[in-house]
Amino acid sequence: MGKNLIYKRRSIRSFDDEEVSDSLIEEIIKDASHAPSWQNAQPWHVYVAKDGVLDRIKAEYKNAKKNNLPSNTDITTPHRDNRSDLSMKNIEEWGDSVKEALGDQGTDLPEFQEARADLFHAPAVAYLTAKKNASEFTIYDIGSFGQTLMLSATSWGIGTIPAYALVTYPDILKKELLIPDDEEVVIGIAMGYPDDSKLNCIKTTRTDVDNILDIRK
Ligand SMILES: Cc1cc2nc3c(=O)[nH]c(=O)nc-3n(C[C@H](O)[C@H](O)[C@H](O)COP(=O)(O)O)c2cc1C
C-alpha cells in the first residue's frame, strides 16, 4: 500500500446515487479483515446496509431526530474534560477548515445538516460490531479494521466517512440489520462515490509531528 493512499483518503460527506456493488464490498471487507487483532481473535462483524434496509434506517433516524430522541451510542463518547490542550486546539482548527470550505456557518450550514441527517446520502453503510462490553483492546482492533477498510475503499475509488452521526440510534440499527442482542455497534462507515458537493471540499490539516512524537534514546 503506497503512502499516497493514506493522503488520498479523506472524509466524504456527500455521495451520489451510484451503487457500490456487493462484490466490491466483499473485496473491501476481505482487505479489512487483514487488520491486526489481539491473538488474531478478529473480534469484528460487519453489517452493510443498502437499498430498502438503508432507506428505512434513514427514515427512522430522521423520525427519531424530529422527536428529539436522545442519542444513545453503544460505546462511550469522548468527554471534553479528558481532552488535552492540543486536542482542543486541533478541534478548533477543524472548525476553521470547515468554515473555509463552507463559509461562516460551518457545520450549521443547512446543506451540511441535511446531508448528515440523510446519512450523507450514502448508498451503503458498513456497521462494525463487537461482542457486548468489548474491552478497550477490542475497540482498538476494530479501529484498525475500520482504517484498513477505508484505505482499501480509497484504492478502489470509493469514498468513506466513519461517523458518530451514523450510530446515534443503535436500537434502530439492531432492528433493521438483525444484529444479535449480544453485540454492540462500534462505528458506522458510510461508503460510496463522492459527488461534487462543497461538503467534500473540507481539507483538514494535522498538527506537526513534533507535537505528537518523542523519540527517547
Ligand atoms: C470515530 C469518528 C467519528 C466521527 N464522526 C463524525 C460525524 O459524526 N460527523 C462528521 O461530519 N464527521 C465525523 N468524523 C470525521 C472526522 O471529522 C474526520 O475524520 C476528521 O475531521 C479528519 O478529517 P479527514 O477524515 O477528512 O482526514 C468522525 C471520525 C471518527 C474517527
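The written sequence of each chain sets the order in which its residues are numbered from 1. In view of the model being predicted, local features appear only for residues whose pLDDT reaches at least 70, and side-chain atom pairs are presented and counted only at 80 or more, with totals across whole chains, interfaces and linings using the full set of residues.

Trainee: How should the overall build of the protein chain be read in this particular structure?
Mentor: Only runs of H or I of at least four residues qualify as helices and only runs of E of at least two qualify as strands under DSSP, and these elements are numbered from the N terminus. Helix and strand counts for the protein chain come out as 7 helices and 4 strands. For the protein chain, the α and β elements follow one another from N to C terminus as α-α-β-α-α-α-β-α-β-α-β. With C-alpha atoms as the basis for the radius of gyration, the globule rule is written as 2.2 Å multiplied by the number of residues raised to the power 0.38. Computed over its C-alpha atoms, the radius of gyration of the protein chain comes to 18 Å, within 12% of the 17 Å expected for a compact globule of 217 residues. For the C-alpha atoms alone, the extent of the protein chain along its principal axes is close to 50 × 45 × 35 Å. Counting the 217 residues in the protein chain, one finds 27% classified as buried. Taking all contacts inside the protein chain whose residues are at least 6 apart in sequence as the whole, residues at least 24 apart take part in 86%. Here a residue counts as buried when 20 or more other C-beta atoms sit within 10 Å of its C-beta, as exposed when there are 12 or fewer, and as partly exposed otherwise, the C-beta atoms being derived from the backbone. Any two residues are considered in contact once their C-beta atoms, placed from the backbone, lie within 7 Å.

Trainee: Where do I start with the confidence of the model for the protein chain in this structure?
Mentor: The quantity called pLDDT is the predictor's confidence in a given residue, expressed from 0 to 100. On average, residues of the protein chain score 97 in pLDDT, and 99% of them are at 70 or above. For the protein chain, helix α1 (residues 3–8) is the element with the lowest average pLDDT, namely 90, and strand β3 (residues 159–163) is the one with the highest, namely 99.

Trainee: Before we go on, may I ask you to explain helix α5 (residues 110–117) in this structure?
Mentor: Quick reminder: α-helices carry 3.6 residues per turn. Residues three or four places apart thus point the same way. All of the buried residues in α5 are F112, A115 and R116. Relative to the axis of α5, the buried residues are bounded by an arc of 95 degrees and lie together on one face. Seen from the buried face of α5, the exposed residues on the opposite side, beyond 90 degrees, are P110, Q113 and E114. Arc definition: directions from the helix axis to the C-beta atoms.

Trainee: I tried to follow the UniProt feature "domain: Nitroreductase" (unreviewed entry) in the protein chain on my own but got confused; where do I start?
Mentor: In the numbering adopted here, UniProt assigns the feature "domain: Nitroreductase" (unreviewed entry) to residues 6–193. Between the C-alpha atoms that bound residues 6–193 there is a distance of 18 Å. The span itself is 45% helix and 15% strand. UniProt positions are given in the numbering used here, feature names are shortened, and annotations may be inferred rather than shown by experiment.

Trainee: Explain the nonpolar core to me, please; I cannot follow it from the model alone.
Mentor: Looking at soluble globular proteins, one finds that nonpolar side chains tend to be buried together. In this structure, V125, I189, A190 and M191 are the most contacted members of the largest nonpolar core, which totals 40 residues. Elements that contribute at least two residues to this core include exactly α2 (22–32), α3 (51–66), α5, β2 (124–131), α6 (136–155) and β4 (183–192). Beyond its immediate sequence surroundings of up to four residues, A190 is in contact with F15, L119, F120, A122, V125, T160, I161, A163 and L166. Core membership is restricted to buried Ala, Val, Leu, Ile, Met, Phe, Trp, Tyr and Cys residues, and these are joined into a nonpolar core through C-beta atoms within 7 Å.

Trainee: I'm lost on the site of the ligand in this one. Help?
Mentor: Close to the ligand lie R10, S11, R13, W94, I161, P162, A163, Y164, A165, I187 and T204. Here the shell around the ligand gets 3 residues from one element, more than from any other, and that element is β3. Only Asp, Glu, Lys and Arg are considered charged, only Ala, Val, Leu, Ile, Met, Phe, Trp, Tyr, Cys and Pro nonpolar, and every remaining residue, Gly among them, polar. Taken together, the residues of the shell around the ligand sort by class into 7 nonpolar, 2 polar and 2 charged. Placing a C-beta atom from the backbone of each residue, we mark the residue near a molecule or strand if the atom is within 6 Å of it.

Trainee: Just checking my understanding: could you explain the packing of α2 against α6 for this structure?
Mentor: Helix-helix packing is described using two parameters, namely the angle between the two axes and the distance between the axes. Think of each axis as a best-fit line through the C-alpha atoms, taken over the contacting stretch in the case of a helix, with angles from 0 to 180 degrees between the N-to-C directions. It is the contact of α2 with α6, at a shortest axis distance of 8 Å, that shows an interaxial angle of 135 degrees. Classified by the angle between their axes, α2 and α6 sit oblique to one another. Where α2 crosses over α6, the two elements pack in a sense that is right-handed. Side by side, α2 and α6 meet where I28, I29, D31 and A32 of the first sit next to F145, T148, L149, S152 and A153 of the second. Class assignment for the residues of the contact of α2 with α6 results in 6 nonpolar, 2 polar and 1 charged. In what follows, roughly perpendicular refers to angles from 65 to 115 degrees, roughly parallel to angles under 35, roughly antiparallel to angles over 145, and oblique to any angle outside these ranges. Crossing handedness follows the turn of the near helix against the far one: under a right angle anticlockwise gives a left-handed crossing, and clockwise gives a right-handed one.

Trainee: For this particular structure, what's the right way to read the sheet that holds β4?
Mentor: Strand pairing in a sheet is mediated by backbone hydrogen bonds. Such pairs are either parallel or antiparallel. We call two strands paired when DSSP finds no fewer than two bridges between them. The 4 strands are arranged β1-β2-β4-β3 in an open sheet whose pairing can be described as antiparallel. The open sheet is flanked by β1 (45–50) and β3, the only strands paired with a single partner. Across this sheet, the average inter-strand angle for adjacent strands is 25 degrees, counted without regard to direction. Summarising the sheet, β1 and β2 pair through 6 bridges and their orientation is antiparallel. The residue of β2 that forms the bridge with A49 is V125. Of the strands in this sheet, β1 and β2 touch α3, which is tilted by about 85 degrees from β1.

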